[in-house]
Amino acid sequence: MRKTIITTLCVFICFILVACSEFNTNEMIDNNHFQTETQTQVENHIEEETDNTSENNPTTQTQTTEPSNDIPDINTDETQEGNMKIKLIIEDKEIEIALYNTPAANSLYEILPLNLTFEDFNNTEKISYLTENLTTEGEPDGYEPKIGDFCLYAPWGNLSIFYENFQYSPSLILLGHIDSNSDIEMIKTINSDFLARLEKSE
C-alpha cells in the first residue's frame, strides 16, 4: 500500500513537472513571436514615414545644380561712361568732357556751373581747387592717370586735367575724360594760370 502511494505521488509530480515545462516553453515561444511581430511592425512604420517624408519634402533629396550662365562679365578695370556731358570753357574755346557714372562725378555734376582758376602742376597736369568737397564714398583707393583724364585728388580737393601720363596715385579719383587730342594739346601749351568755366552741356 505504501509503495502504491509513493508511486502515485511520483507519477503525479512528474506529470506536474512535464506540464510546467510545456507551459514555459509555449510562453517563451509566444513571447518571441510577439517580439518579432512587434519589431517588424515598427520597422514597417518607420519605412512608411520615411517614404512619406521624402515625397512631401523633395528638398531633402540630394540634387545637382548646374552653374548659372547668367552671371554678368564685369570688368572692374573699366568705368562705364554715363550720359553726362560737361564743357570746359577757356576764353572762347569749348572743350567737351565726358563724365563717368560714379559717385564723385555725379557730385560734381550737381554743383555746376563753376568758375575756376587752373594752374600747372609738375609739368603733368592742370589743377584747380574746389570750394566744396565732392562725394567720394564707394570710389577706388587710387588711380593711374593717362593723357586726357579728368580727375579729383581727394586729399587736396582739386580737379586735375592730365596732359601727360602719370604713376598710380592713392586717393586720385577718375571723373571723366577728354577725347580730343587737339584740346588736350591746347591745354598743355598754356604756360600761365588761366580762368575757365565748367558747366553742363545742353
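For clarity, every value in this text was computed on a predicted model and none was experimentally measured. (Residues numbered from 1 in each chain as written. Predicted model: local features only at pLDDT ≥ 70, side-chain atom pairs only at ≥ 80, totals over all residues. Heavy atoms only, no water.)

Thoughts on the overall build of the protein chain
- The secondary structure content of the protein chain amounts to three helices and 10 strands.
- Starting at the N terminus and walking to the C terminus, you meet the elements of the protein chain as α-β-β-α-β-β-β-β-β-β-β-α-β.
- Within the protein chain, buried positions represent 30% of all 202 residues.
- Intrachain contacts of the protein chain at a sequence separation of at least 6 include 62% that bridge at least 24 residues.
- Accessible surface, the protein chain as shown: approximately 14,700 Å² in total, 50% of it carbon and sulfur. (Helix = DSSP H or I, 4+ residues; strand = E, 2+ residues; numbered from the N terminus. Buried < 20%, exposed > 50% of the residue type's maximum accessible area, 1.4 Å probe, protein only. Contact = heavy atoms within 4.5 Å. Areas by Shrake-Rupley, 256 points an atom, 1.4 Å probe, with all protein chains shown as cover.)

With respect to the packing of aromatic side chains
- Scanning all chains against the criterion turns up three aromatic pairs.
- Judged by centre distance (5.4 Å) and plane angle (10°), the ring pair of Phe 118 and Phe 194 falls under stacked. Residue Phe 118 is located in strand β3 (residues 114–121), and its partner Phe 194 is located in strand β10 (residues 194–200); the two are separated by 76 residues in the primary sequence. Like Phe 118, the residue Phe 194 is buried in the burial classification.
- Between Tyr 153 and Trp 156, the aromatic rings sit 5.3 Å apart at their centres with planes inclined by 90°, giving edge-to-face as the arrangement. (Phe/Tyr/Trp six-rings, centres within 6.5 Å; stacked < 30°, edge-to-face > 60°.)

A short note on helix α3 (residues 181–188)
- Those residues of α3 that sit buried are Asp 183, Ile 184 and Ile 187. For α3, the arc enclosing every buried residue in end-on projection is 100°, short of the 170-degree limit, so these residues lie on one face. (Arc of directions from axis to C-beta.)

Quick look at the side chain of Asp 149
- Locating Asp 149 in the fold gives a position in strand β6 (residues 149–153).
- With no salt bridge to any partner, buried Asp 149 finds its closest opposite charge in Lys 146, at an N-O distance of 5.5 Å.
- Only 2.8 Å separates the side chain of Asp 149 from the side chain of Tyr 143, close enough to count as a polar contact.
- In this structure the side chain of Asp 149 is engaged in a polar contact, spanning 2.7 Å, whose partner is the backbone nitrogen of Lys 146.
- Beyond its immediate sequence surroundings of up to four residues, Asp 149 is in contact with Tyr 143, Ser 160, Ile 161, Phe 162, Leu 174, Gly 176 and His 177. (Lys, Arg positive; Asp, Glu negative; His and termini not counted. Salt bridge = Lys/Arg side-chain N within 4 Å of Asp/Glu carboxyl O. Polar contact = N/O pair within 3.5 Å; in protein donor to acceptor, adjacent residues only side chain to side chain.)

Some details on the pairing of β6
- Where burial is concerned, most of β6 is hidden: four out of the five residues are buried.
- Where β6 and strand β7 (residues 158–162) come together, four bridges link them in antiparallel fashion. Looking at β7, one finds that Leu 152 is bridged to Leu 159.
- Here β6 hands over to β7 after four residues, with Gly 157 in that stretch at a positive phi of 70°. (Pairing = 2+ DSSP bridges.)

Structural notes on a nonpolar patch on the surface
- Among the surface-exposed residues, Phe 121, Tyr 129 and Trp 156 lie close enough to one another that they form a single nonpolar patch of about 320 Å² accessible area.
- Its location among the elements puts Trp 156 in the loop between β6 and β7.
- Taking relative accessible area as the criterion, Trp 156 reaches 46% and is therefore assigned partly exposed. (Patch = residues over 30% accessible without salt bridge, like charges linked within 9 Å, V, L, I, M, F, W, Y side chains within 5 Å.)

As for the confidence of the model for the protein chain
- Taken as a whole, the protein chain shows an average pLDDT of 76; of its residues, 59% reach a score of 70 or greater.
- Here residues 23–38 is a poorly scored stretch, pLDDT under 50, and it has zero contacts once near neighbours within four places are set aside; other chains count.
- Taken as a whole, residues 52–81 scores under 50 in pLDDT and shows 11 contacts with residues more than four places along the chain or in a different chain. (pLDDT = per-residue confidence, 0-100.)

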